[in-house]
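Structural description and commentary
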Amino acid sequence: MKLDTSGLNSIVPFSGTDDGLEENIHLAVSSFQLPRTTDFDGFQKKAVEMVKPAKGTTTLAFIFKEGVIVSADSRASMGGYISSQSVKKIIEINPYMLGTMAGGAADCQFWHRNLGIKCRLHELANKRRISVTGASKLLANILYSYRGMGLSIGTMIAGWDETGPGLYYVDAEGGGLKVKGFLWIRITVRIWGVGQYRYDMTIEEAAELARRAIYHATFRDGASGGVASALWDDVGELHYKYYPVVPSPVEQEMVEIPVS
Amino acid sequence: MGSRFNPYDNNGGTCVAIAGVDYCVVAADTRMSTGYSILTRDYSKICQLADKSVLASSGFQADVKALQKNLSAKHLIYQHQHNKQMSCPAMAQLLSNTLYYKRFFPYYAFNVLGGLDSEGKGCVFTYDAVGSYERVGYSTQGTGSTLIIPVLDNQLKSPSPLLLPAKDAVTPLSEGEAVDLVKDVFASATERDIYTGDQVEIVIINASGIKREYVQLRRD
């Protein structure tokens, strides 16, 4: 089984000088260290039980006339303990694509960030934005190569590209689905029958439906709770209903060098 | 059929961090235990990674030591390549990636990273063992964390995460008040958690640098 470990290559600048130290670090991180044991599955099960990585969630997304709306709760639980009530489960892959987090928090954060990097590289290599289809396929293929190793990711890639709004479901078993209408992911609770979904809703109606659906799920599900937030994605802009975007301070910006 | 080699152990202990407007307090007890025995009363769980970033970790101290060394080495290379120290948010991302690279053989370390961000505001990042992280106003990890976090929620939780615009995560408490709060919570946790006690090491990061303080706790 050949794992796709390209996601782990550190972005080392091509310096040309043979810096022995740099090379070693590069090699050291180009593959996941695996435990030397005869019983990999048993070890993974015990390790997960012991460290109890944070997980637990209700998320939903749907396409409507104005674009895609994505909504999620904000609770993270480690075993029976609520480790946080304010987790950001909607992850911005890039300014026009969002991913939701369900399952293992670290898995979702890491692989979404990795997907964002791959999408940016695609843009630089091809001089155009990647489609939502393409992005979800990239993620699905990476996860497929880690199939069976215990990654826990159930995510929806929602975004806007040239063909309009796109919504895809990707999970750690390597499955991927294109979604035309309504999709929700929950860990234990059903949220059927919460409201009327119509394609031609206004933004306010859609946000209200999204929020109410999350509310009903969190009412009955101990692993979901916290704050319900709804983000709506439209032609390159993100409008935050509940938590405003804090622009992360840019440490260095790449500047276009004028071609002489 | 004997007992297989278990690569992990839990050395106990508790870590706390609180972010203020222009300071950050990171504290951890200094007891190191295994099972019901105390290995030493004088072991520091806190490591300064950069001039504005301090890491406190509880869990398996051998993994913690390896993690600290790993991060320090990566920070040194960063300094050589960029001619400056790593900012706290950058260190936070580095720590998350370092933890995730061992996703299939995790560092048994529960971390809290505290420091000042590039604007000089206090920041605290809390982690799980495989690298998921979040910037928060305060956090605690370790064996005494379930005893301490409800107290911190009561004293420090921002009035409402539902209010718009979202209130700042940092606490309006002054530095002195935050340090007193930390001393109080450790004293309480020591009463009820067998793995927490002996001494608490309190590190305060502010614009003028890093200060350390030690307070004695119950040794029983």
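Residues numbered from 1 in each chain as written. Chains lettered and ligands numbered in written order. Predicted model: local features only at pLDDT ≥ 70, side-chain atom pairs only at ≥ 80, totals over all residues. Heavy atoms only, no water.

So, the overall build of chain A
Assigned secondary structure in chain A consists of five helices and twelve strands. Taken over 260 residues, chain A has a buried fraction of 47%. Here chain A has roughly 14100 Å² of accessible surface; of this, 55% comes from carbon and sulfur atoms. (Helix = DSSP H or I, 4+ residues; strand = E, 2+ residues; numbered from the N terminus. Buried < 20%, exposed > 50% of the residue type's maximum accessible area, 1.4 Å probe, protein only. Areas by Shrake-Rupley, 256 points an atom, 1.4 Å probe, with all protein chains shown as cover.)

Things to note about the sheet that holds strand 10 (residues 138-142) of chain B
Residues and elements named next belong to chain B. Taking strand neighbours across the sheet as the criterion, the five strands line up as 10-1-2-11-12 in an open arrangement whose pairing is antiparallel. Of all the strands in the sheet, the pair left with one neighbour each is strand 10 and strand 12 (209-216). Pairs of neighbouring strands in the sheet enclose a mean axial angle of 15°, with direction left out of account. Here strand 1 (residues 14-19) pairs with strand 10 via five bridges, running antiparallel. The residue bridging valine 16 from the neighbouring strand is threonine 140, located in strand 10. Along the sheet face, helix 3 (residues 145-156) touches strand 1 and strand 10 and points at about 170° away from the line of strand 10. (Pairing = 2+ DSSP bridges. Axes fitted to C-alpha atoms, helices over the stretch in contact; angles between N-to-C directions. Contact = heavy atoms within 4.5 Å.)

Topic: the pattern of salt bridges
In this structure the tally under the stated criterion is twelve salt bridges over all chains. Here glutamate 123 of chain A and arginine 120 of chain A are joined by a salt bridge, their closest N and O atoms 3.0 Å apart. With glutamate 123 of chain A and arginine 120 of chain A both in helix 3 (residues 105-126) and three residues apart, this pair spans about one turn of that helix. Overall, arginine 120 of chain A belongs to the partly exposed group, its relative accessible area being 43%. Aspartate 198 of chain B serves as the salt-bridge partner of arginine 31 of chain B, at 2.9 Å between the closest nitrogen and oxygen. Here aspartate 198 of chain B lies in the loop between helix 4 (175-192) and strand 11 (199-206) and arginine 31 of chain B lies in the loop between strand 2 (23-29) and strand 3 (32-34), a separation of 167 residues in the sequence. One network of salt bridges, in which partners are shared, links Arg31, Arg41 and Asp198 of chain B. (Salt bridge = Lys/Arg side-chain N within 4 Å of Asp/Glu carboxyl O.)

Digging into the side chain of glutamine 93 of chain B
Position of glutamine 93 of chain B relative to the elements: it lies in helix 2 (residues 88-101). With a relative accessible area of 17%, glutamine 93 of chain B lands in the buried category. If near-sequence neighbours (up to four positions away) are discounted, glutamine 93 of chain B is found in contact with Arg113 of chain A together with Tyr127 and Tyr133 of chain B.

Some details on the sheet that holds strand 8 (residues 122-127) of chain B
Residue and element names in this part refer to chain B. Strand order in this open sheet of five strands is 5-6-7-8-9, and the pairing throughout is antiparallel. Each end of this open sheet is capped by a strand with a single partner; those strands are strand 5 (46-50) and strand 9 (133-136). This sheet shows a mean twist of 25° between the axes of neighbouring strands, independent of strand direction. Sheet topology note: the strand 7 (residues 109-116)/strand 8 ladder contains five bridges and is antiparallel. Within strand 8, the residue paired with leucine 113 across the bridge is phenylalanine 125.

Section: the environment of aspartate 51 of chain B
Residue and element names in this part refer to chain B. Tracing the chain through its elements places aspartate 51 in the loop between strand 5 and strand 6 (53-59). With a relative accessible area of 38%, aspartate 51 lands in the partly exposed category. For the pair formed by aspartate 51 and isoleucine 210, sequence separation is 159 residues and the distance between their alpha carbons is 8.1 Å. Excluding residues within four positions of it along the chain, aspartate 51 makes contact with Gln85 and Ile210.

Observations concerning helix 2 of chain B
All names here are of chain B. In this model, helix 2 (14 residues) spans 20 Å end to end at C-alpha, consistent with the 20 Å of a helix rising 1.5 Å per residue. Among the 14 residues of helix 2, twelve are classified as buried, and the element is accordingly described as predominantly covered. Among the residues making up helix 2, those that are buried are Cys88, Met91, Ala92, Gln93, Leu94, Leu95, Ser96, Asn97, Thr98, Leu99, Tyr100 and Tyr101. (Expected span 1.5 Å × (residues − 1).)

Digging into the packing of aromatic side chains
For the coordinates displayed, the defined rule picks out 16 aromatic pairs over all chains. Where phenylalanine 110 of chain A meets tyrosine 100 of chain B, the ring centres are 4.2 Å apart and the plane angle is 20°; that geometry is what we call stacked. Of this pair, phenylalanine 110 of chain A sits in helix 3 while tyrosine 100 of chain B is found in helix 2, placing the two residues in two different chains. With a relative accessible area of 9%, phenylalanine 110 of chain A lands in the buried category. Given the relative accessible area of 1%, tyrosine 100 of chain B is considered buried. Its end group placed over the ring of tyrosine 96 of chain A, arginine 129 of chain A keeps NZ or CZ at 4.1 Å from the ring centre. In this arrangement the basic side chain of lysine 102 of chain B is found over the ring face of tyrosine 107 of chain B, its NZ or CZ atom lying 5.2 Å from the centre. (Phe/Tyr/Trp six-rings, centres within 6.5 Å; stacked < 30°, edge-to-face > 60°. Lys NZ or Arg CZ within 6 Å of the ring centre and 35° of its normal.)

Quick notes on the side chain of threonine 30 of chain B
All names here are of chain B. Here threonine 30 is to be found in the loop between strand 2 and strand 3. Take threonine 30: its relative accessible area is 1%, and that puts it in the buried class. Apart from the residues lying within four places of it in its own chain, the contact partners of threonine 30 are Thr40, Arg41, Asp42, Tyr43, Lys45, Gly197, Asp198, Gln199 and Glu201.

Remarks on the packing of helix 3 of chain B against helix 4 of chain B
Residue and element names in this part refer to chain B. Contact geometry of helix 3 with helix 4 gives a least axis separation of 9 Å together with a crossing angle of 150°. The angle between helix 3 and helix 4 falls in the class roughly antiparallel. Two packed elements cross with a definite hand, and for helix 3 against helix 4 that hand is right-handed. Here helix 3 contributes Leu147, Ile148, Val151, Leu152, Gln155 and Leu156 to the contact with helix 4, which in turn contributes Leu181, Val185, Ala189 and Arg192. (Parallel < 35°, antiparallel > 145°, perpendicular 65-115°, else oblique. Left-handed = near helix turned anticlockwise from the far one by under 90°.)

Notes on the state of the cysteines
All names here are of chain B. For the structure on display, the rule yields zero disulfides over all chains. Residue cysteine 24 stays outside any disulfide, its sulfur separated by 6.5 Å from that of cysteine 123, the closest cysteine. Using a relative accessible area of 0% as the deciding quantity, one classes cysteine 24 as buried. (Disulfide = S-S within 2.5 Å.)

Describing the nonpolar core
Judged by nonpolar contacts, the single largest core of 33 residues is most densely connected at Met97, Trp111, Tyr146, Leu151 and Ile157 of chain A. Where this core is concerned, the elements lending two or more residues are strand 5 (90-94), helix 3, helix 4 (132-145) and strand 8 (164-171) of chain A together with helix 2 of chain B. The greatest single-element share of this core, amounting to seven residues, is contributed by helix 3 of chain A. (Core = buried A, V, L, I, M, F, W, Y, C linked by side-chain atoms within 4.5 Å.)

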